[in-house]
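# Fold and geometry: a report
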Amino acid sequence: MDGMSGNAWLPLMVVASALLPGLIIFGLPEEKVRLRTVLNLSGAFAKIFFTGWMLWGVYHGNSYEMRMAFLPGLDLVLRADSLSLLFIALSSVLWLLTTVYAIGYLENSPHRSRFFGFFSLCVTSTSGVAMSGNLITFLLFYELLTLVTYPLVVHRGTEAARRAGQIYLTYTISGGALLLLGVVWLYAITGTLEFSPQGILYHLDTTYHPALIAIFVLLIAGLGVKAALVPLHGWLPEAMVAPAPVSALLHAVAVVKAGAFGIVRVVYDIYGIDFAAELGVTGPLAMLAAVTILYGSLRALAQDNLKRRLAFSTVSQVSYITLGVAIVGPLATIGGVVHLVHQGLMKITLFFCAGNLAETLGIHKVREMNGVGRRMPWTMAAFTLGAFGMIGVPPVAGFISKWYLGLGALEAGEPWVIPVLIGSSLLNAAYFLPILHRAWFRDPPDSWPVMRDTARDFGDKETAWALLLPPVITALLALFAGLLASTWFSPLEWVQLIAQRAFYH
Amino acid sequence: MSSLLAIDWGVIAILLPLAGGTACVLWPALSKPAGLISVTGVVLAIAGLGWRIMENGIYRHAVGGWGAPLGIDLFADGLSLIMLIMTALVGLGISFYARRYFSPRDAVRFWPIWLFLLAALNALFLSADIFNLYVTLEMTGLAAVALTALTGRIDALGGAMRYLLATLLGSLAYLLGVALLYHDAGSVDIATLAQRIQPNAAVWTALGLMSAGLALKTALFPLSFWLPPAHASAPAPVSALLSALVVKASFYILLRLWLELFGDFAQGASMLLGLLGAAAILWGSLQALRQTRIKLLVAYSTVAQIGYLFLIYPLASAGNGIAAGMAAYLAFSHALAKSAMFLAAGNLMLFGGHDRIADLDRAVQRLPLTVAAFALAGVSIMGLPPSSGFVGKWLLLDAAMSQGRWDLAVVMIIGGLLAAGYIFKVLGYAFTQAEVPHDARAVPAGMEWAALLLAIGAILLGFMASEIFALIAVDLVVNADEAGTVWTA
Amino acid sequence: MTNAFLYALAGSGLFVLGLHALVMHAHVLRKILAINVMGSGVFLILVALARRSGETTTDPVPHAMVITGIVVAVSATALALALMLKLAEKSGQAVLPDKHGD
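Quick notes on the rules
- Residues numbered from 1 in each chain as written.
- Chains lettered and ligands numbered in written order.
- Predicted model: local features only at pLDDT ≥ 70, side-chain atom pairs only at ≥ 80, totals over all residues.
- Heavy atoms only, no water.
- Buried < 20%, exposed > 50% of the residue type's maximum accessible area, 1.4 Å probe, protein only.
- Helix = DSSP H or I, 4+ residues; strand = E, 2+ residues; numbered from the N terminus.
- Pairing = 2+ DSSP bridges.
- Contact = heavy atoms within 4.5 Å.
- Buried area = accessible area lost by both parts, 1.4 Å probe.
- Salt bridge = Lys/Arg side-chain N within 4 Å of Asp/Glu carboxyl O.
- Polar contact = N/O pair within 3.5 Å; in protein donor to acceptor, adjacent residues only side chain to side chain.
- Expected span 1.5 Å × (residues − 1).
- 1 Å grid on protein atoms, 1.4 Å probe; cavity = no way out; pocket = protein on both sides within 12 Å on 5 of 7 lines; lining within 4 Å.
- Points joined across faces, edges and corners; volume = space filled by probe spheres on them.
- Nonpolar A, V, L, I, M, F, W, Y, C, P; charged D, E, K, R; others polar.

Next up on the list: the pairing of strand 2 (residues 73-76) of chain B. Residues and elements named next belong to chain B. By the alternation rule, side chains of strand 2 split into Asp73 and Phe75 and Leu74 and Ala76, which are all buried. Pairing of strand 1 (residues 59-62) with strand 2 involves four bridges; the strand directions are antiparallel. Bridge pairing links Arg60 to Phe75 in strand 2.

Structural data, given as structure tokens:
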């Protein structure tokens, strides 16, 4: 462990706070519910504590870096900079809420030790992805994330789950292979993979430019699988067979975010945004993102299955991040990067709510949702907030993202983005508003099926508190992230710090 | 302390299992304790040898004080040491597995032959001359064949017979090469040969014969026809020994010959070896993907993984000094992962009474440690991080890319994808319920842990690349002084 | 053409003959015999090459090698024969089964 400075242990602690409870949980017998819950929650709280510590430190100009020898000439580096902390903070908070939700969701179901073990490993990998200080460390955790999410996708052990797992792996492992090829090629040219604010390529001779463009394509293809860029998005709707907390994890906290985050890293810290623009790779990337945004929304329109509709909505929404990254200019960057947080908060709310409907009332399809707002008012209120956010209704967080994206596009002289944003918002409204209309304004059926005993919490209204609390909190967070966007502690403020670093160095 | 350093640990590493094996023959009732004690002793002896090499540099010992050319020299440098460590550690894991695996009837046969095999392997990795290598290689082959036939089942006998014929043919071709080299250069000592050898007709013929013979014994495609039936029909611990260690013995000899004797002038032949390696990766992986039984799947995976080892030749010949390190690392990594995988397969067979992949029937819940072992070993075989398989693949890819060998890089990537395909085929079915659910038979915990610990070893080795290369590098300096320029290419 | 070269040539001939028989014959006993013929060919070459042109004395080292080689060949043949007998006992015939016979 050479290069261990005094601050090196904090990044390690963030990783360990999820890893250690996970490893212990694997060894726990199924019936040790209380101990497992204590471990899960203490890990989640510890992670939030260490993340808060580092946030405070980075805000005051400290740096945190852990470095150890890995390969000849390449180290494993965990580093907390402002961008990684944004992702870490998001994942810490959502991990805590998802853990609470999962404990409620999986109550009395089998194989919970295995589930929570892999769940913790999943968060471990996400922390690693977020804090990677170079591309090899990123690759390591990115692939680890693929591996540890697989058991969660196939958790139910049915034939359908197995098939979905195969599809998931076919996409993600192929993507990983492309990424590996790109990274090795890059390393062969540059001899370094360190993330750095201006990128590591601007000094290279122009004869390398064709190769660098090819590498960019490889890297984006590899990352685009997880970020669900069209046409690499096929796994995401299939992976819906997984339990709801897993969907939440895939869509909001870990997997698609790791892909989008990787794209941010590659464009800003490997290529450098100015150099990428000079190479001419940002334009096509923005086009691809725009196509994905519209395509995902169009497909979402046609889905009757609620979770599939949400999945296609994710395809569309995550590409706002890519779009913001690919438009060269500080405002678009702010819009894209802040959407990393905003999309996470809104989408996890929607998936929690969908899970509540399925668990409590057995509702899986949109057409079964008539009048459900009266049966589960709080759940549907949270859902409504999330949906408004997705559409971009002010003051919910999604509006902020779209506003900055639009301003950024105009600033960068890319006015074609505006119709894309408007079209996408209209489509969002077109597939979310009918759901809200059904839920609030149509008559409910004569009786609701009883899927789980909710009497001890809220009588015949709502669902278990462990299932209700997380979506209500995330919905409020999504609201406040928009409402209080100009305060010093909002995600937007932090992202402006990041954008400054990228553009005004 | 210094008196401990002076001990000839190499001699002990050979004599101890030989004595243990003899004891097993004489007192069959004591087979198991004698076996475990010998193997543990070998681990300690290798540790002593490693310590001695790190303190004093290369180990050389003239047996009986005769010295080359008439006597036999024992010799160990970094490369040999890594091979010895690999043999000792993997052998230890497999021994603890075998302790619970065999019935008393089979145990009295297994232990003596395995100890003789261990002695032969240690002697092979400690040999410095090409004839001594022949003798130890033949001992290794015979012991391995005997182990394959251990159960006496008809498929095992057929597999063993085919294996025996292949291994004998391979050694004869090698021996003919030895004869030609000796005639040409007047020595069998590798270091002496390295100084005297000049490319001429006799040397080229020797190169062809020795390479073909060793490639046959290493099961390099298309000479791999004998491996799947032998490795799949043998009992699980034996399959593990064969795949993890025995094929590495002939590979090691070929590597030595190439690094020290042939590498400088046989670039074309290196390309051919690399080409066959690439073909092995593709063919072996595709075959593995087609299998419906775990043990055959794992056996074909070995065929594919051997292909990666042979990619080192074209990459080394274009001027890469870390070839020895890469080879040692890849071999070690594969030994750990593949032994874990065969042992896990053995557990699954014991648990379900069969090894049909589609009927694994919720093994992940009922045999979690074993499935974990299979999965972790699989991660390394696929070359995904964090594992030694990933590091090995990274080193190869890096070498291939910096030499512009796109073809090899693409083959490696495709090989990784195919490996993921066959590994997750097994893991996927381990989660689901079989059409006809069956009861699970108990698997001793020791057997589950043996598989898991080896698999964890394959993962942890991924963080020890620099240590492995440090061992090889100590040696580079010494060897360059001794034998001229062979290592500095 | 020296005597030694003739012997070496004969040795190579034996090696090739044996290889041919090993591949062509199905019966395991014939295969074992073929291996032995090949071995004899190699030993012949070793002995023949022991005398280098221009030297009056023969080199003793190849002789020692041949003796060692014969010991190895004998034990290998013994193992092969034992295996063949077992195989014949179990399957009724001493031929190799199909590759994936299970």
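Taken together, the contact pairs 38 residues of chain C with 35 residues of chain B. Here chain C meets chain B over a buried area of about 3,400 Å², counting both sides, of which 82% is carbon and sulfur. Summed over the shared surface of chain C and chain B, the result is zero salt bridges. Between chain C and chain B we count two residue pairs in polar contact (both at pLDDT 80 or more) in total. At the level of secondary structure, the elements contributing two or more residues to the side of chain C that touches chain B comprise helix 1 (3-24), helix 2 (28-49) and helix 3 (60-91) of chain C.

Residues and elements named next belong to chain B. Over its 16 residues, helix 20 (residues 445-460) runs 22 Å from end to end, which matches the ideal 22 Å to within 8%, given 1.5 Å per residue. Of all the residues in helix 20, the buried ones are Met447, Glu448, Ala450, Ala451, Leu452, Leu454, Ala455, Gly457, Ala458 and Ile459. Each element contacted by the buried residues of helix 20 is listed here: helix 4 (78-101), helix 15 (323-352), helix 17 (368-382) and helix 18 (388-402).

Another point: the layout of surface pockets. The space that makes up the largest pocket amounts to roughly 1,800 Å³. Lining the largest pocket we find 48 residues, and of these Leu23, Phe26, Phe118 and Leu121 of chain A together with Leu376 of chain B sit closest to its centre. Considered class by class, the residues forming the lining of the largest pocket number 39 nonpolar, seven polar and two charged. In this structure, the second largest pocket spans a volume of roughly 830 Å³. Lining the second largest pocket are 29 residues, and of these Leu55, Ala89, Phe489, Ser490 and Pro491 of chain A sit closest to its centre. Contributing elements (two or more residues each) for the lining of the second largest pocket: helix 2 (33-59), helix 3 (82-105), helix 14 (330-361), helix 20 (465-483) and helix 21 (491-503) of chain A. The element that contributes the greatest number of residues to the lining of the second largest pocket is helix 3 of chain A, accounting for seven residues.

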